[in-house]
Amino acid sequence: MHLLVNALMVIATTIASENLGEGHGNGFDWKEQLGDPNKAGTHAEEFASMFNLLDHDKDGKVHMWEAAGGLGIRSEAAAKRVLERLGGLSSTESGIISTMRKYQYHDIPPVPDHPSIFIDRIVFKARESLLNSQGEQYDDDTGDVILDVVVELRDYFEKYKCDDRAPPDITGDSSMSSMPSSSLTCGEMVNREDPSTDEVCAVLVNAGFCRFTCSVCVKEDHDNRNQGKGARTTEAARPGEDAEEEEGKRMIGTYRIITSPSAMQRVDDATGIEEELTVLVTSDWHSAPWYQIDGKGMVGDAVTRYRNCTYQNMWNCFEATGDDAVNCLLTGRHDPPRSFIQSHFDGYFMAAFGVKDDIRAMHEQKNVIFFIGDTQVHAVSDKWLNGMTPWVVEQDIVNATLSDILRHWSAEEVFFTPGNNDGPHNAIFVEQDNGTKAWARLLIDNSIVTNSLGWNYTRTLSEGEEIKNVSQVDFFRHTGYYVKKLPYLRGPPCVGNGDDNQCGGCFAIITNTNLGLHHFDQMQALYADLERIEGNQGIAYLLGHHPWIAPKMIPSRYQHLMRGVLSGHIHQAETTTPPPELFTQVPAISQNAEDTAFYIAKIASSSSSPSSEDQYRISVDYNRDLFVYQGEAGAAPNSTMWQLRDQGGSENHRSHHQKLMLIIIGSVAVLTLIIIGVIVAIIRRYQRHRLSQWGSVNNLEPSVTTVEEVRTAERLPHRHHLRQQHQVEEEEEEEEETLGSPLATSRTFALQNHPNQLNTASQ
């Protein structure tokens, strides 16, 4: 990755003078920029695979009615029923706002690794189109409207002036008009979960490349909205729609914000604590079976997997030779082995309670675990499994993970969220496939999801009919959505309700963000549950894996109930944003991350809090609550190495930047030596040229290789002249001595008054 940074610096320096910033989005070539839709790991494949999930009748086409139905609707009749229900909803029915059908309020700029946002856009556009046409497109003669993923992608990117042009092949054609076919796309070039991503993206974006992959498009849109450029206003709203318009503006996403801890009341700063609950906030474990400790196993950047993997050797660690590793040594940059995930459980209990290696003492602590999704390793597909069945492998990973969790917590203390790497990639609960069924069954069988609240829901069946009074467990089985009450907390005091079982309480709402914002059954259940919680005078927390989905699921009318919204997915940590959003970006446990860390949060009530809305918040700070793994690569997992992040930066960040600085210094040193070498070569060439000119004048051909030889050669004419002069003088002196000429007297006088002349001549 660092070699790539250096290479890109060369490219950026070479072409920075060209005006690469003009024309973003014009002539967008989706395949050239996003890659081959049939090639795993490209943006195009991710978009296309999600788009194809809308093909409910499996005829190879996505019809308008299929898009309007959204994910999980498997017939035209079911899609019609969803539209009828949306068309007949008032702004208050079951708490569902009518903006749920207006796509422009949910249209979010292109964000990498969030294909469900693209599907939301298509679904909301289709719904609004069909509802505005008053159903005329349902007729057999006019209803066969086919959507094209290429057209939809091009429209999407061009609307936001977004592109994802990759730099030219370093060894190939440097023309900006076309990219060599051998070049990588940005999505393949940039590992967005690698610690070096920021440096790579800084170089690429500065040269005008990879704006989508590096999240520039969504950042620019956010900045424009904050500056009033393109922000929506209510001046042109139709009568009675001001509330809808304001709701729509609120649902537009905000980019990640780092907040000062002084912006909110913290539990550990408060006095008069009345009740308190400790929470392990953790995400993106990516538990990796068949871990090969040299980091050179098959798969790619994120995964090091032993090639001869089988069901039987799933939880072994391997040497490069294929022998079992005595110690499961960490590479420091890949999805981690199971033992590493276990180590963060133990590290948490040591940090929070001072408990070490005592399972009974761990169970005695009043605490819960909020897991925000992504249990399984990357690359669980036929290509990498030696003939094993993917959903069976997924089931085994989740089963082992739950076994490890339940050694430390009871089932009522576990809040487990589906991510995009749980079950089928990006598609858990989209259909009732084997992977989805297995994942749901494990959570139900282990009593993590139960009917304890006694709440019922309405579900749309495949042929369009509705089924009411669906239990919590059955609704979860089909959507991945469920609600649990937090143990050990009474919650805010109730007024005018004598039934303690139905009054107050703190509730965790676990959502399946793989279904996006458009999924009718999940959104209706969410609004119904918020209404229940409000009626019971309780409060709520929302857990959703994708950070561009979860914060937008809460309507403004219920915002006062929320005490925290938590997401993972991007493998980075951020401080909780100020109220009313109270959004926390949770880091990863995987070592293929910018932040390999977890948060310890405190949920509490305090008599010193000035307002009831200050109570029971989840509010964590990057500098005060983040526990980072600071062990070295090449060592076994060590629970004592999960340590509170220093104010100056985590060990991960420090070591990374130190390495980067050494690379930069080394690069500068090498460049300096090259420059010095070039200068010396130029000087030598010039000296040879001078000597060649002198030799041609004096009929000499000396061989000059050093500066000293040049100087010696330059003195040759003068010495030759002196030797001739000295020879003449000696002959004259001999003649004077012989003849007694008066010239002898003058010669003697000359030698007495100018001795240097003789000395010089004799040298």
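Residues numbered from 1 in each chain as written. Predicted model: local features only at pLDDT ≥ 70, side-chain atom pairs only at ≥ 80, totals over all residues. Heavy atoms only, no water.

## Regarding the state of the cysteines
What is meant by a disulfide is a covalent connection between two cysteines, made through their sulfur atoms. Cut-off, in case you're wondering: The disulfide definition used here is simple: a pair of cysteine sulfur atoms within 2.5 Å. Helix and strand assignments follow DSSP, with helices taken as H or I runs no shorter than four residues and strands as E runs no shorter than two, numbered in order from the N terminus. Remark: exposure states derive from per-residue accessible area (1.4 Å probe, protein chains only) relative to the maximum for the residue type, with buried under 20%, exposed over 50%, and partly exposed in between.
One pass over the full model with this rule turns up four disulfides. Each sulfur in the disulfide pair Cys 162 and Cys 217 lies 1.9 Å from the other. In this structure, the disulfide formed by Cys 162 and Cys 217 twists by about 75° around the S-S bond and is classed as right-handed. Separated by 55 residues along the polypeptide, Cys 162 in the loop between α7 (149-159) and α8 (186-189) and Cys 217 in helix α10 (residues 216-226) bring together distant segments of the chain. For Cys 162, a relative accessible area of 0% corresponds to the buried category. When its relative accessible area of 4% is taken as the criterion, Cys 217 is described as buried. Covalently, Cys 201 is tied to Cys 214 through a disulfide, its sulfur atoms 2.0 Å apart. On the S-S bond that ties Cys 201 to Cys 214, the torsion sits near -80°, and the link is left-handed. Of this pair, Cys 201 sits in helix α9 (residues 197-206) while Cys 214 is found in the loop between α9 and α10, placing the two residues 13 residues apart along the sequence. Summarising the burial analysis for this pair, Cys 201 and Cys 214 share the class buried.

## With respect to the pairing of strand β13 (residues 506-510)
Defined as follows: At least two bridges found by DSSP between two strands are what make those strands a pair. For crossovers, right-handed means that the path from the first strand over the helix to the second runs clockwise, given strands pointing away from the viewer.
Most of β13 is tucked away: five of the five residues are buried. The two faces of β13 match: Cys 506, Ala 508 and Ile 510 on one face and Phe 507 and Ile 509 on the other face are all buried. The pairing of strand β12 (residues 482-485) with β13 spans four bridges and is antiparallel. Among the inter-strand pairings, Val 483 is bridged to a residue of β13, identified as Ile 509. Relative to strand β14 (residues 539-543), β13 runs parallel, the two sharing five bridges. Within β14, the residue paired with Phe 507 across the bridge is Ala 540. Handedness of the crossover joining β13 and β14 through helix α17 (residues 520-535) is recorded here as right-handed.

## Quick look at unusual backbone geometry
With an omega of 10°, the peptide bond between Pro 579 and Pro 580 qualifies as cis. One can find Pro 580 in the loop between β15 (562-567) and β16 (583-585). The phi dihedral of Asp 113 is positive, around 70°, even though this residue is not glycine. Along the chain, Asp 113 turns up in the loop between α5 (76-88) and α6 (115-132). Look at Ser 447: it is not a glycine, yet its phi comes out positive at around 65°. Considering the arrangement of structural elements, one finds Ser 447 in the loop between α15 (434-445) and β10 (457-460).

## Digging into the packing of aromatic side chains
Inclusion rule: Between the rings of Phe, Tyr and Trp (Trp by its six-membered ring), a pair exists once the centres lie within 6.5 Å; its type follows the angle of the planes, with under 30 degrees stacked, over 60 edge-to-face, and the other angles tilted. Throughout this description, the term charge over a ring refers to an Arg CZ or Lys NZ atom that lies within 6 Å of the ring centre and within 35 degrees of the ring normal.
This model, assessed by the stated rule, comprises 34 aromatic pairs. Judged by centre distance (5.0 Å) and plane angle (70°), the ring pair of Phe 157 and Phe 212 falls under edge-to-face. You can see Phe 157 sitting in helix α7 and its partner Phe 212 sitting in the loop between α9 and α10, a full 55 residues away along the chain. Taking relative accessible area as the criterion, Phe 212 reaches 1% and is therefore assigned buried. With 5.3 Å between their ring centres and 90° between their planes, Phe 345 and Trp 409 make a pair best called edge-to-face. On the criterion of sequence distance, the pair formed by Phe 345 in helix α12 (residues 338-353) and Trp 409 in the loop between α14 (390-405) and β9 (414-416) is long-range, its members being 64 residues apart. The same class applies to Phe 345 and to Trp 409, which are both buried. If you follow Arg 338 out to its NZ or CZ, it ends over the ring of Trp 315, 5.2 Å from the centre. Taking the ring centre of Phe 415 as reference, the NZ or CZ of Lys 484 above it sits at 4.7 Å.

## A word on a nonpolar patch on the surface
Which entries qualify depends on this criterion: Like-charged residues are merged into a patch within 9 Å and nonpolar side chains (Val, Leu, Ile, Met, Phe, Trp, Tyr) within 5 Å, provided each residue has over 30% relative accessible area and no salt bridge. Reported accessibility uses the Shrake-Rupley method at a 1.4 Å probe radius. Residues are deemed covered only where the shown protein chains occlude them. Criterion for a salt bridge: a side-chain nitrogen of Lys or Arg within 4 Å of a carboxyl oxygen of Asp or Glu.
Side chains of Ile 674, Val 678 and Ile 682 sit close together on the surface and give an oily, nonpolar patch of about 280 Å² of accessible area. Along the polypeptide, Val 678 turns up in helix α18 (residues 651-698). Given a relative accessible area of 44%, Val 678 falls into the partly exposed group.

## A short note on the confidence of the model for the protein
So the rule is basically this: Confidence scores labelled pLDDT are given residue by residue by the predictor and lie between 0 and 100. In what follows, a contact means two residues having at least one pair of non-hydrogen atoms within 4.5 Å.
Scored by pLDDT, the protein comes out at a mean of 75, with 66% of its residues at no less than 70. Ranking the elements of the protein by mean pLDDT puts helix α21 (residues 755-762) last, at 40, and β9 first, at 98. Under a pLDDT of 50 for its full length, residues 1-26 has, in the predicted model, 46 contacts with residues more than four places off or in other chains.

## Quick look at the side chain of Lys 484
Keep this limit in mind: Think of it this way: Lys and Arg go in the positive column, Asp and Glu in the negative one, and His and the chain ends go nowhere. Residues adjacent in sequence count toward polar contacts only when both atoms are side-chain atoms; beyond that, a polar contact is any pair of N or O atoms within 3.5 Å, and within protein one must be able to donate a hydrogen and the other to accept it.
Along the chain, Lys 484 turns up in strand β12. Although Lys 484 lies buried, it forms no salt bridge, and the closest oppositely charged side chain, Glu 412, sits 7.6 Å away as judged by the N-O distance. Among the polar contacts made by the side chain of Lys 484, one reaches the main-chain carbonyl oxygen of Ile 448 at a distance of 3.2 Å.

## Section: the sheet that holds β12
To keep it simple, the criterion reads: Here, axes are lines fitted to C-alpha atoms. For helices the fit covers the stretch in contact, and angles between N-to-C directions go from 0 to 180 degrees.
Across the sheet, five strands lie side by side as β12-β13-β14-β15-β16; this open sheet has mixed pairing. Whereas interior strands pair on both sides, the edge strands pair on one side only; in this sheet they are β12 and β16. Looking at each pair of strands side by side, their axes are set apart by 20° on average, direction ignored.

## Thoughts on the environment of Thr 513
Mapped onto the elements, Thr 513 comes out in the loop between β13 and α17. Separated by 399 residues in sequence, Thr 513 and His 114 place their C-alpha atoms 9.8 Å apart. With residues near it in sequence (within four places) discarded, Thr 513 still touches Ser 116, Gly 544, His 545, His 546, Ile 549, Ala 550 and Met 553. Of the polar contacts made by the side chain of Thr 513, one reaches the backbone nitrogen of His 545; its length is 3.4 Å.

## Regarding the packing of α14 against α15
Applicable threshold: Orientation labels follow simple angle bins: below 35 degrees gives roughly parallel, above 145 gives roughly antiparallel, 65 to 115 gives roughly perpendicular, and whatever is left gives oblique. Here a crossing is called left-handed whenever its near helix is offset anticlockwise from the far helix by less than a right angle, and right-handed whenever the offset is clockwise. Residues were grouped as follows: Ala, Val, Leu, Ile, Met, Phe, Trp, Tyr, Cys and Pro as nonpolar; Asp, Glu, Lys and Arg as charged; and all remaining residues, including Gly, as polar.
For the pair α14 and α15, interaxial distance at closest approach is 9 Å and the crossing angle is 15°. Here α14 is positioned roughly parallel relative to α15, judged by the angle of their axes. In this structure, α14 meets α15 at a crossing whose hand is right-handed. Between α14 and α15, the contacting residues are Trp 391, Glu 394, Gln 395, Val 398, Asn 399 and Leu 402 on the first element and Asn 434, Gly 435, Ala 438, Trp 439, Arg 441, Leu 442 and Leu 443 on the second. Grouping the constituent residues of the contact of α14 with α15 by class yields seven nonpolar, four polar and two charged.

## Side note on the nonpolar core
Spelled out, the test is: By nonpolar core we mean a set of buried residues, namely Ala, Val, Leu, Ile, Met, Phe, Trp, Tyr and Cys, connected to one another through side-chain atoms within 4.5 Å.
Membership of the largest hydrophobic core comes to 86 residues, with the highest contact counts inside it found for Phe 370, Phe 416 and Leu 486. Broken down by element, the residue count for this core peaks at six residues, all from strand β17 (residues 597-606). Apart from residues lying up to four places away in sequence, Phe 370 is in contact with Val 279, Leu 280, Val 281, Thr 282, Phe 415, Leu 486, Ala 508, Leu 543, Leu 566 and Ile 618. Core analysis: the next-biggest nonpolar cluster, separate from the first, contains 66 residues, Val 62, Cys 162, Val 470 and Met 523 among them.

## Describing the pairing of β17
Looking along a regular strand, one sees side chains alternate from face to face of the sheet. Burial of β17 is extensive: nine of the 10 residues sit out of reach of the surface. Sheet analysis places β17 next to strand β18 (residues 626-629), joined by three bridges and oriented antiparallel. Bridged to Phe 598 within β18 is Phe 627.

## Points about the pattern of salt bridges
Taken as a whole and assessed by the stated rule, the structure comprises nine salt bridges. With a closest N to O distance of 3.0 Å, Lys 58 and Glu 431 form a salt bridge. With Lys 58 in the loop between α3 (43-52) and β1 (62-63) and Glu 431 in the loop between β9 and α15, the pair connects residues that are 373 residues apart, well separated along the chain. By relative accessible area, which is 53% here, Lys 58 ends up exposed. For Arg 557, the salt bridge goes to Glu 534, with nearest N and O atoms at 4.0 Å. In this pair, Arg 557 is assigned in the loop between β14 and β15 and Glu 534 in helix α17, connecting sequence segments 23 residues apart.

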